[in-house]
Amino acid sequence: MWLAVDDADEANSAMQVLPGTHRGHEALDQVSAAEHQMLRNKVPIPHELEAEAVTLNMTAGSLSIHDSFLLHGSGQNRTTRRRAGYTIRYCSTDEAWVDVTDHANPIYLVRGEAGERGSG
């Protein structure tokens, strides 16, 4: 989930999504991102697919709830307006196991027991 803290629109490079790309995500290639980019990896997008991108114009306080494998991103904000958001990720411990010592972001167990890798 992405919570818009500020208004985000085309002018300040709001998030764009490529509808349907979460299906078949396992087949997508990843490459290392540039040093100045926020995330470590990125998925190269062919120009014909890039043309299908949908901009999520959002007012402060609105939410985007989408599969984390949906290809999404935003360009550099070249305005003087801030474009801030808050990301919340949820994963059931029945579905996946996360090594909290090796994860780039803090992980919190909100309910149940974490278990061990492979015990489910």
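You'll find the structure just up there.
Residues numbered from 1 in each chain as written. Predicted model: local features only at pLDDT ≥ 70, side-chain atom pairs only at ≥ 80, totals over all residues. Heavy atoms only, no water.

Trainee: Quick one: what's the story with the overall build of the protein chain, residue by residue and with numbers?
Mentor: Scanning the protein chain from terminus to terminus reveals 1 helix and 8 strands. Counting only contacts in the protein chain whose residues sit at least 6 apart along the sequence, the fraction spanning at least 24 positions is 76%. By element, 50% of the accessible surface of the protein chain is carried by carbon and sulfur atoms, the whole surface being about 9700 Å². (Helix = DSSP H or I, 4+ residues; strand = E, 2+ residues; numbered from the N terminus. Contact = heavy atoms within 4.5 Å. Areas by Shrake-Rupley, 256 points an atom, 1.4 Å probe, with all protein chains shown as cover.)

Trainee: Outline the pattern of salt bridges, listing residues and values.
Mentor: The full count for this structure, using the stated rule, is 2 salt bridges. With a closest N to O distance of 2.6 Å, Asp-9 and Arg-81 form a salt bridge. Remark: Arg-81 occurs in the loop between strand E7 (72–73) and strand E8 (85–87) and Asp-9 occurs in the loop between strand E1 (2–4) and strand E2 (16–17); sequence separation between them is 72 residues. Taking the relative accessible area as the measure of exposure, Asp-9 reaches 24% and is therefore partly exposed. (Salt bridge = Lys/Arg side-chain N within 4 Å of Asp/Glu carboxyl O. Buried < 20%, exposed > 50% of the residue type's maximum accessible area, 1.4 Å probe, protein only.)

Trainee: Go over the sheet that holds E1 with me, naming the residues and quoting the values.
Mentor: Ordered in space as E6-E1-E8, the 3 strands form an open sheet in which the pairing is antiparallel. With one partner strand each, in any of the chains shown, strand E6 (63–64) and E8 form the two edges of the open sheet. In terms of strand pairing, E1 meets E6 through 2 bridges, oriented antiparallel. Bridge pairing in E6 places Trp-2 opposite Ser-64. (Pairing = 2+ DSSP bridges.)

Trainee: Explain the sheet that holds E2 to me, and be specific about the residues and the numbers.
Mentor: Read from one edge to the other, the open sheet built from 3 strands follows the order E5-E2-E7, with strand pairing classed as antiparallel. Single-partner strands in this sheet number two, and they are strand E5 (54–55) and E7. Strand direction decides the pairing type here: E2 and E5, joined by 2 bridges, are antiparallel. Bridging across to E5, Gln-16 finds its partner in Thr-55.

Trainee: Can you lay out a nonpolar patch on the surface for me, pointing to particular residues and giving the numbers?
Mentor: A cluster of nonpolar side chains, Val-5, Tyr-86 and Ile-88, forms an exposed patch at the surface whose accessible area comes to about 270 Å². Considering the arrangement of structural elements, one finds Ile-88 in the segment after E8. Take Ile-88: its relative accessible area is 39%, and that puts it in the partly exposed class. (Patch = residues over 30% accessible without salt bridge, like charges linked within 9 Å, V, L, I, M, F, W, Y side chains within 5 Å.)

Trainee: Which residues make up the side chain of Ser-64, and what values do they have?
Mentor: Secondary-structure assignment places Ser-64 in strand E6. Ser-64 gets classed as buried once you look at its relative accessible area, which sits at 8%. Among the polar contacts made by the side chain of Ser-64, one reaches the side chain of His-66 at a distance of 2.8 Å. Setting aside residues no more than four positions away along its own chain, Ser-64 makes contact with Met-1, Trp-2, Met-15, Leu-56 and Met-58. (Polar contact = N/O pair within 3.5 Å; in protein donor to acceptor, adjacent residues only side chain to side chain.)

Trainee: Help me get a handle on the side chain of Asp-6, residues and values and all.
Mentor: With respect to the helices, strands and loops of the structure, Asp-6 is situated in the loop between E1 and E2. At 3.0 Å, the side chain of Asp-6 and the backbone nitrogen of Ala-84 are in polar contact. Apart from residues no more than four positions distant in its own chain, Asp-6 is found in contact with Met-58, Thr-59, Ala-60, Arg-82, Arg-83 and Ala-84.

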